[in-house]
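# A structural walkthrough
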Amino acid sequence: MKKLFIICLFVFGLVPLLFSQKSSKMPAEQAAVNPIKDAVFRKLNIDSTISLKRSVVINGQRVPYTVTAGSLPVWDENDVPIAGVFFTYYERADVSDRSSRPLVISFNGGPGTPSVWMEIGYTGPRILNIDDEGYPVQPYGMRDNPHSILDVADIVYVDPVNTGFSRMAGKDIPRSKFFGVNADVEYLAGWISTFISRYNRWASPKYLIGESYGTTRVSGLALELQKSRWIYLNGVILVSPTGLGIERGSVMNAALSLPYYAATAWYHKALSPALQQKDLSSLLPEVEKFTIDEYLPALTRGGSLSSSEREQIAAKVSRYSGLNEKVVLQNNLSISTSFFWKELLRDKGYTIGRLDSRYLGKDKKDAGERPDYNAELTAWLHAFTPAINVYLRDELNYKTDLNYNMFGNVMPWDNANNNTGENLQQAMAQNPNLHILVQSGYYDGACDYFNAKYNLWQIDPGGKFQNRMKWEGYRSGHMMYLRKEDLATSNQHLRDFILNTIPPKGKPAKYGE
């Protein structure tokens, strides 16, 4: 069974719209309005931008920058524009030579969500107002990000079609051109090529960063960019990765969740005193070893286990998960994530979050098999939606009546032939300069940290690329950067990764000596 996508999709029955702004090529003018026609479809300029000069202090250093917001077209095979993709581009202003200046191309997931989450929550120079653990606060608004990676790299945040302000160029354009694993990768590779040409970044070291479904997207893009656009990357950063199309099966999927259960139970103080007194750094290796050496073989054996063997495994699963041993036996040793979110704190009247299990929810009934809602996602939408609208519309003065789609209409989504993990391996094999960094939150129950490790093991089963792959864990959830401490640490890990993966001047990209 493939790893489920990370963020629940909300489908909005929106009529396709396009946005207007001052074009970089045409004088600004008021579009003529036909009340009848435009009530059905508003066809405006899909190739337009605005720019502002700003500065931010990062690690004690003032960094001047230019921020450009707007849209660039997606071109079809006949060089006809079929969509406008909205982006926000941050370029350090005191750098004259871009040939050695890294460019980071940033995507979020869904697959129907824009790049808002990492732009104003993680790596951008402006971030939203939240408390130190990531919970929403009022008044809504923005502040400078002292940990942004803009000091070492320019960044473009990309909103795929029907997310953010991005829209198709016409109502008759086939949705199949955009909404599927491989269609998504194909059109975005073309858009990236257009962006690189438009902003003169062909000589720059290039990086892709994706979060959630965005990791599926950038893993596929790594190979597609090489094959169809002849663009070679220095690095791919996977933040809270999906299963990347790597088959697991129900037994493997169940087993790999246990270390996440242990981390979450530890956070909520639901383990025995002997385990609670341990730090995660010593507890989790113990649970991982049990998972691989004992739990996975037991699940594989299924009904052939003797009663005593089954009870021994159930006792250990109970010990590490914080669940009652009887409950573990009733579930044939295999605990689904949705049941875990409902069961762990059931007796206290709480559910726990899916994407970040530090968050608590309250259901109408304590009984049931799964929570009524995702406590963490509700909190995040509460915080991010007003902040991104304040930022784009008020601070950057980007004028449009379009709704900024936090979750856009991208369904049906074609998941067939998802080989993105294999695509990433092939891109690494063909490009000796390509490195991977994975960032995972221990309390992420949708894209758990141990499944992220499993991805790396299977992408490189022969151990040939281990010196080009790195994994980092954080005491937070899916968006680990929402926790103040991890915002600083995770950005520094990005900064170090970028600086360490730019080869010395003149060093050839080849295998051998």
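Please read these numbers as outputs of a predicted model, since none were measured by experiment.

Moving on, we come to the pairing of strand β9 (residues 206-211). Burial analysis of β9 places six of its six residues in the buried class, the great majority of the element. By the alternation rule, side chains of β9 split into Lys206, Leu208 and Gly210 and Tyr207, Ile209 and Glu211, which are all buried. Where strand β4 (residues 103-107) and β9 come together, five bridges link them in parallel fashion. Residue Ser106 lies in a different strand from β9, and its bridge partner there is Ile209. Note that the unit made of β9, helix α4 (residues 213-229) and strand β10 (residues 235-239) has a crossover that is right-handed.

A pair can form between side chains of opposite charge whenever their charged atoms are brought close. Summed over all chains, the structure comprises 28 salt bridges. In this structure, Arg475 engages Asp279 in a salt bridge whose closest nitrogen and oxygen atoms are separated by 2.6 Å. Separated by 196 residues along the polypeptide, Arg475 in the loop between β14 (469-474) and α15 (484-500) and Asp279 in the loop between α7 (273-276) and α8 (280-301) bring together distant segments of the chain. On the basis of relative accessible area, Arg475 is assigned to the partly exposed category, the value being 29%. Among the residues examined, Asp279 registers a relative accessible area of 32% and is labelled partly exposed. For Asp363, the salt bridge is made with Lys342, and the minimal N-O distance between the two is 2.6 Å. Residue Asp363 is located in the loop between β12 (360-361) and α12 (375-395), and its partner Lys342 is located in helix α11 (residues 337-343); the two are separated by 21 residues in the primary sequence.

How each quantity is defined
Residues numbered from 1 in each chain as written. Predicted model: local features only at pLDDT ≥ 70, side-chain atom pairs only at ≥ 80, totals over all residues. Heavy atoms only, no water. Buried < 20%, exposed > 50% of the residue type's maximum accessible area, 1.4 Å probe, protein only. Helix = DSSP H or I, 4+ residues; strand = E, 2+ residues; numbered from the N terminus. Pairing = 2+ DSSP bridges. Right-handed = clockwise from strand over helix to strand, strands pointing away. Salt bridge = Lys/Arg side-chain N within 4 Å of Asp/Glu carboxyl O.

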